[in-house]
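Per-entry structural report
Listed here are the chains, written in short residue letters.
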Amino acid sequence: MGETPTTPEPDGQVSDAERGNWVDRFAPKATRPYLRLSRADRPTPVWFLFIPCLMGLLLSILNDNIVSSHDAWTVLGCAIGAFLMRGAGCTWNDISDRKLDAQVERTKSRPLPSGQVTVKGAVIWMAAQAFISLLILLTFYPNAILLGVVSLVPVLIYPFAKRFTWWPQVFLGLAFNWGALLAWTAHSNQLAWPAVLLYLSGITWTLFYDTIYAHQDRDDDALIGIKSTARLFGDNTQQWLQGFLIATVCLMALAVFGATENRSTLSMIVALIGPWAMGWHMHWQLGKLDTNDPEGLVYLFRSNREAGLIPLLFFAGAMFL
């Protein structure tokens, strides 16, 4: 299991990146390996960090019915932070997995296993992204700052989870959905139980979409001993995903109920349509699922951006009722 660089794609492109992405087309050539290390050439998962932030903020606003200029900064800060922390997390993941990535067809063209970036360069790049994220975090309320610091724990653990548990997607969910807690607290300066329920619903949603994604690598993972829910569930994946769908909808609905219990009945009903509509989108995904179709798996994985955006429309609409 050496670190001999593999042959990169033409111009250093990563094999599973979207063709014609903005990094390959517009970024200065010297920056491309580092942006690819941050997965900036595959931006969809940034939404998976940002959407829970928006959900947490909107539900917190629905809860106390207060809107301030600080909320606009919270949205912008969370957007920038989602991009940077996703990049820092991916960099940390690739530093930790560089030897394993060299053995997997889909990942061997990444900047570290292909030799485009050194480990030292990757560490410096990771630190730079994390530092800018910290500067943004320091503009929030004290309790939100504390939550932001604590969020580093699941981020640091995640790359190693697939070595010791069949449920690494749980650790991904813990990290990716922390914004639900953070943004709620960034608005109100205190945490409340609806935010925790929203966070839990995000974890089950992550189990749903990342199990779909993990089926791409299940054969390579089996060869090198990497664990995942895709391998664990196998032919029973459909039934497990159905369970995650139901858990996501129910937990999010409870979070909405808790956040809107002091609002008008119409406002609560409109907000509650959000998780129900998201559930229908997830149900549609199950109807299209073929775990032996890599392109279809990527398509369904990316479609979860739209699934997550659906409730936001109803949460925003409920604010005016």
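Just above, that's the structure.
Below is a summary of the structure that appears in this document. (Residues numbered from 1 in each chain as written. Predicted model: local features only at pLDDT ≥ 70, side-chain atom pairs only at ≥ 80, totals over all residues. Heavy atoms only, no water.)

Counted by the stated rule, this structure contains five salt bridges. Notably, a salt bridge pairs D41 with R42, separated by 3.4 Å at the nearest N-O pair. In this structure, the salt-bridge partner of D94 is R110, at a minimum N-O distance of 3.5 Å. Of this pair, D94 sits in helix 4 (residues 69-101) while R110 sits in the loop between helix 4 and helix 5 (119-137), placing them 16 residues apart in sequence. Here the salt bridges share partners, and the residues they tie into one network are R39, D94 and R110. (Salt bridge = Lys/Arg side-chain N within 4 Å of Asp/Glu carboxyl O. Helix = DSSP H or I, 4+ residues; strand = E, 2+ residues; numbered from the N terminus.)

Our focus in this paragraph is the packing of aromatic side chains. Applying the stated criterion to the full structure yields 18 aromatic pairs. Taking the centre distance of 5.6 Å and the plane angle of 70 degrees together, the rings of W167 and W240 count as edge-to-face. You can see W167 sitting in the loop between helix 7 (152-164) and helix 8 (168-176) and its partner W240 sitting in helix 13 (residues 237-260), a full 73 residues away along the chain. On the basis of relative accessibility, which here comes to 27%, the residue W167 falls in the partly exposed class. Here W240 falls in the partly exposed class, since its relative accessible area comes to 38%. Ring centres 5.6 Å apart and planes at 80 degrees place the aromatic pair W178 and Y199 in the edge-to-face group. (Phe/Tyr/Trp six-rings, centres within 6.5 Å; stacked < 30°, edge-to-face > 60°. Buried < 20%, exposed > 50% of the residue type's maximum accessible area, 1.4 Å probe, protein only.)

So, on to helix 5. Taking 1.5 Å per residue as the helical rise, helix 5 with its 19 residues ought to reach 27 Å, and the 27 Å between its terminal C-alpha atoms agrees with that figure. Listing the buried residues of helix 5 in full gives G121, A122, M126, Q129, S133, I136 and L137. Down the axis of helix 5, the smallest arc covering the buried residues is 160 degrees, so these residues share one side. Of the residues in helix 5, the exposed ones pointing more than 90 degrees away from the buried face are K120 and I124. At its buried positions, helix 5 is contacted by helix 2 (32-37), helix 4, helix 6 (142-150) and helix 9 (178-188). (Expected span 1.5 Å × (residues − 1). Arc of directions from axis to C-beta. Contact = heavy atoms within 4.5 Å.)

Bringing the environment of R32 into the picture now. Mapping R32 onto the fold places it in helix 2. Along the sequence, R32 and Q13 sit 19 residues apart, while their C-alpha atoms lie 8.7 Å from each other. Of note is the side chain of R32, whose polar atom sits 3.5 Å from the backbone oxygen of V23. (Polar contact = N/O pair within 3.5 Å; in protein donor to acceptor, adjacent residues only side chain to side chain.)

This part takes up empty space enclosed by the protein. As enumerated under the stated definition, the model contains one cavity of 30 Å³ or more in all. Approximately 50 Å³ is the volume found for the largest cavity. Around the largest cavity, the lining residues are P52, M55, N177, A180, L198, Y199, S201, G202, W205 and M252. Contributing elements (two or more residues each) for the lining of the largest cavity: helix 3 (44-64) and helix 10 (193-214). Element by element, the count of residues in the lining of the largest cavity is highest for helix 10, at five residues. Residues of the lining of the largest cavity, tallied by class, amount to seven nonpolar, three polar and no charged. (1 Å grid on protein atoms, 1.4 Å probe; cavity = no way out; pocket = protein on both sides within 12 Å on 5 of 7 lines; lining within 4 Å. Points joined across faces, edges and corners; volume = space filled by probe spheres on them. Nonpolar A, V, L, I, M, F, W, Y, C, P; charged D, E, K, R; others polar.)

A water-sized probe, rolled over the atoms, reveals where empty space remains. One number sums up the size of the second largest pocket: a volume of about 300 Å³. Along the walls of the second largest pocket sit 17 residues, with R106, Q216, P294, E295 and V298 positioned nearest its centre. Looking at the lining of the second largest pocket, the elements that each hand over two or more residues are helix 11 (218-224) and helix 15 (294-318). If one sorts the elements of the lining of the second largest pocket by residue count, helix 15 sits on top with six residues. When the residues that make up the lining of the second largest pocket are grouped by side-chain class, the tally is four nonpolar, four polar and nine charged.

Turning next to the packing of helix 9 against helix 10. The geometry of helix 9 relative to helix 10 is characterised by a closest axis approach of 8 Å and an angle of 155 degrees between their N-to-C directions. It follows from the interaxial angle that helix 9 and helix 10 lie roughly antiparallel. The handedness of the crossing between helix 9 and helix 10 is right-handed. Here helix 9 contributes W178, A180, L181 and W184 to the contact with helix 10, which in turn contributes P194, A195, V196, L198 and Y199. (Axes fitted to C-alpha atoms, helices over the stretch in contact; angles between N-to-C directions. Parallel < 35°, antiparallel > 145°, perpendicular 65-115°, else oblique. Left-handed = near helix turned anticlockwise from the far one by under 90°.)

Following the sequence through the fold, T260 ends up in helix 13. Residue T260 is classed as buried on the basis of its relative accessible area, which comes to 0%. Here the side chain of T260 touches V256 through a polar contact of 2.7 Å, landing on its backbone oxygen. Excluding residues within four positions of it along the chain, T260 makes contact with L62, M268 and A271.

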